[in-house]
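# What the coordinates show
Single-letter residue listing:
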Amino acid sequence: MKITYTDVLVIGGGLAGLRTAVGVRERGLDCIVLTLVPPKRSHSAAAQGGMQASLANAIMGEGDNEDIHFEDTIKGSDWGADQEVVRLFVHTAPKAIRELAAWGVPWSRVKAGAHQAIINAQKVTLTERAEAHGLITARDFGGTKKWRTCFTSDGTGHSMLYAMDNKAHERGIEIRERREAMALIHENGRCYGAVSRNLMSGELTAYIAKATCIATGGYGRLWSVTTNATICQGIGHALALETGVAELGNMEAVQFHPTAIVPVGILTTEGCRGDGGVLRDVDGYRFMPDYEPEKKELASRDVVSRRMTEHIRKGKGVKSRYGDHLWLDITLLGRAHIEKNLREVKEICESFLGIDPAKEWIPVRPTQHYSMGGIKTDYRGESPTLRGLFSCGEAACWDMHGFNRLGGNSVAETVVSGMLVAEYIADFCQTPQSHIDISTATIERFINAEQAKLEALIHGGSGEDSFVLREAMEQIMMDKVGIFRNAKELQEAVEQLQELLRRSRNITVYRSKSLAANPALVNAYRTQKMIKVALTVAYGALLRTESRGAHAREDYPERNDHDWLVRTLSSWSDPEQSLPDVRYEPLDVMRMELPPGWRGYGKDLTIHHPDTPTRAAEVEAIKAAHSDRFARQKALSAALEKLPKKYQGRNERLSERFES
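The text that follows walks through the structure, step by step, so that each part is easy to find.

Basis of the calculations
- Residues numbered from 1 in each chain as written.
- Predicted model: local features only at pLDDT ≥ 70, side-chain atom pairs only at ≥ 80, totals over all residues.
- Heavy atoms only, no water.
- Pairing = 2+ DSSP bridges.
- Helix = DSSP H or I, 4+ residues; strand = E, 2+ residues; numbered from the N terminus.
- Buried < 20%, exposed > 50% of the residue type's maximum accessible area, 1.4 Å probe, protein only.
- Contact = heavy atoms within 4.5 Å.
- Axes fitted to C-alpha atoms, helices over the stretch in contact; angles between N-to-C directions.
- Parallel < 35°, antiparallel > 145°, perpendicular 65-115°, else oblique.
- Left-handed = near helix turned anticlockwise from the far one by under 90°.
- Nonpolar A, V, L, I, M, F, W, Y, C, P; charged D, E, K, R; others polar.
- Expected span 1.5 Å × (residues − 1).
- Core = buried A, V, L, I, M, F, W, Y, C linked by side-chain atoms within 4.5 Å.
- Phe/Tyr/Trp six-rings, centres within 6.5 Å; stacked < 30°, edge-to-face > 60°.
- Lys NZ or Arg CZ within 6 Å of the ring centre and 35° of its normal.

On to the pairing of strand β5 (residues 122-128), then. As paired elements, strand β4 (residues 113-119) and β5 share seven bridges and run antiparallel to each other. Bridge assignment links alanine 117 to a residue of β5, and that residue is valine 124. Between β4 and the antiparallel strand that follows it, β5, lie two residues; asparagine 120 among them carries a positive phi value of about 55 degrees.

What follows is the structure, encoded as structure tokens:
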């Protein structure tokens, strides 16, 4: 039995995991990062468009601040987000982006003077301020009032990840590659680490830690077509779920990105539309202004995805052997702009479509993209039900995004949540509650249990083929748990997934009997976990009889705050059960800075919560009593007092200078 001890164990080597590791290391703690792939190959590198932070440097971002970013994010979430967490996030984001600049991220910068931009398909001249020259600039993204999305051409995630990985190595953080967490080690409501498998040798090791943080990204590979990397399979979520103690939050909240290329589903960044690109139908007609006259192509992602799907349903899609699609037209941006600011999109189009996007339209349609749901945590990133288990980034339901994420807020969340959760983990590790009190006999029991599961998969008799089961799961999720949902299809999905779960308990690995490097074995045990995660998504979607953000029920089109202003919490208390346990956590309207209202898209179909008018009146009274925005915000919420003191200071802008 091999046991490794450390202060903090981070599972996942993307932006969120690395930033957490850097943070705890800077607090003097030892840290080990387990990662499936070398960190520079993490899915974080695929983030193209940018990171939101209210710097207000660019002329179209003038006047931006934390309050406007906060309001955009809450409206984008369709009032499903934790407003205290959003307040912590928007306050810290400018600090995060400036820190990254100091670490070497080459953010695109403001160039003083006049330049041309495309706004609403028209060329306009913008004049940048002389005092902003050289500061970090921003582009337009959907669902925002100001241009706030900072970028490095369209390789933002790539630039950020390389800088973060370099910083982790500079800090001497131990990164163990080709390692997969198989199970969390826990006892008496306390997490003590994880059993990990070396993907090359097959060896199992127990990593015992004061604190464990899951930062494994999303669960897009539950669907047959997704913008997610092949490693985004929801395994981190399954690890938490299989403890029977930790809970997952809002797993039915899944975002589809409007502009993935057909047929492979590779993302073309929202920056294409933010920079002025437009959507066209089979006739070459720009249709989004008909649906959303104000925001058009830059409505919130969930809205654009639904409008595109509606338009295709009307017979306005372009026929192809891969199904109907629409066109993304960025030709009006010009070759110089594309080759400078959208060069990765250009390379994708050339490599995977054989087209030149400076001359030809790009075939696109909405495709699964992002997981708002995740491991339920409090504002500190810790599971409320399993002490010592933390999570951040897309793996977590922190809950910053509610039922729909704004573009640019995800890559921002990875580093902001990593910054903050690292501090809270370090604080936890300094308390008596962090002391490791687990016997080697218990550790051995967890290792032996995982070894027995692997042996059963390899040496079992005739059984199910995991590849067949996984393909069936992916197709069920694609066909029945998609952009538009209804009771009939969701019920069918749940029943079919339950049958797959039953069959998955009898998987046999036929292709190779090796316990070492064996992709068939990996697929076998991951498929078992993925089906459970898929069931939490489908079952949560079936039970939630309303439409909120990206969760769109055709049979329940209203956003029902009266009955459904709640967070879905799922757990799996008995390994033999075929459905998760589900309970609900109310969102307290009387503590909201921004009471529920209309998002501004389509008809207002809201069924209001009874406390909303009362809280709205209180908020208006507080605003009337405070002319200073900082005093007003403090009177509305004490959230910023929960920030680590090092991050509580105000953010400086051209319009909000520090006193000299």
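Now that the structure is up, let's keep going.
Time to look at the environment of alanine 246. Relative to the helices and strands, alanine 246 resides in the loop between α5 (235-241) and β11 (248-249). According to the relative accessible area criterion, alanine 246 is buried, its value standing at 0%. Those residues in contact with alanine 246, other than ones at most four positions away along the chain, are Ala240, Ser383, Thr385, Leu386, Leu389, Ser570 and Ser571.

So, about the sheet that holds strand β16 (residues 374-376). Sheet strands pair by backbone hydrogen bonding; their relative direction is either parallel or antiparallel. Read from one edge of the open sheet, five strands run β18-β16-β11-β21-β22, paired in mixed fashion. Both outer strands of the open sheet, β18 (396-397) and β22 (581-586), are each paired with one neighbouring strand and no more.

One way to put it is that helix α13 (residues 466-480) packs onto helix α15 (residues 519-543) with a least axis distance of 9 Å and a crossing angle of 30 degrees. Viewed along their axes, α13 and α15 adopt a mutual orientation that is roughly parallel. Crossing hand, α13 versus α15: left-handed. For the pair α13 and α15, the contacting residues are Ser466, Phe467, Leu469, Arg470, Met473 and Met477 in the first and Ala520, Asn523, Ala524, Thr527, Met530, Ile531, Ala534 and Val537 in the second. A per-class count over the contact of α13 with α15 returns ten nonpolar, three polar and one charged.

Bringing the sheet that holds strand β15 (residues 362-371) into the picture now. Spatial ordering of the open sheet is given by β12-β15-β14-β13, a layout of four strands whose pairing is antiparallel. Each edge of the open sheet carries a strand with a single partner, namely β12 (254-261) and β13 (278-280). Averaged over all pairs of adjacent strands, the angle between strand axes in this sheet comes to 45 degrees, irrespective of strand direction. In this sheet, β15 lies alongside β12 in antiparallel orientation, the contact comprising six bridges. Looking across to β15, one finds that isoleucine 261 is bridged to valine 364. Packing of helix α8 (residues 301-316) onto the sheet brings it into contact with β12, β13, β14 (326-329) and β15, and relative to β12 it is tilted by some 60 degrees.

Here the focus is helix α1 (residues 15-26). Taking 1.5 Å of rise per residue, the twelve residues of α1 would be expected to cover 16 Å, and the 16 Å separating its terminal C-alpha atoms lies within 8% of that figure. Burial runs high along α1: ten of the twelve residues are buried. Burial in α1 covers these residues: Leu15, Ala16, Gly17, Leu18, Arg19, Thr20, Ala21, Val22, Gly23 and Val24. Positive phi appears at glycine 28, one or two residues downstream of α1, with a value of about 90 degrees.

Bringing the nonpolar core into the picture now. In terms of nonpolar packing, the biggest core is built from 75 residues, with Ile185, Leu222, Met473, Met477, Leu497 and Val537 touching the most fellow members. At 15 residues, the largest contribution of residues to this core is made by α15. Those residues in contact with leucine 222 that sit more than four places away from it in its chain are Gln233, Met473, Glu474, Met477, Met530, Val533, Ala534 and Val537. Judged by nonpolar contacts, the second largest core, of 68 residues, contains Ala16, Trp103, Val411 and Leu643.

A cis amide bond links valine 262 to the next residue, proline 263, at an omega of 10 degrees. Here proline 263 lies in the loop between β12 and α6 (271-274). Each neighbour pair has its own omega, and for tryptophan 398 with aspartate 399 the value is 20 degrees, a cis peptide bond. Along the chain, the position of aspartate 399 falls in the loop between β18 and α11 (409-429). A positive phi is found at alanine 121, a non-glycine position, where the angle reads about 65 degrees. Its location among the elements puts alanine 121 in the loop between β4 and β5.

According to the stated counting rule, one finds six aromatic pairs in the structure shown. Summarising the aromatic geometry, the rings of tyrosine 219 and tryptophan 223 are spaced 6.5 Å apart at their centres and angled 25 degrees between planes, so their arrangement reads as stacked. Between tyrosine 379 and tyrosine 424, the aromatic rings sit 5.5 Å apart at their centres with planes inclined by 85 degrees, giving edge-to-face as the arrangement. In this pair, tyrosine 379 sits in the loop between β16 and β17 (389-391) while tyrosine 424 sits in helix α11, placing the two residues 45 residues apart along the sequence. A relative accessible area of 6% means that tyrosine 424 is categorised as buried. Lying over the aromatic face of phenylalanine 70, arginine 87 brings its terminal NZ or CZ to 4.5 Å of the ring centre. One cation-aromatic arrangement involves arginine 405 over tyrosine 370; the distance from NZ or CZ to the ring centre is 4.0 Å.

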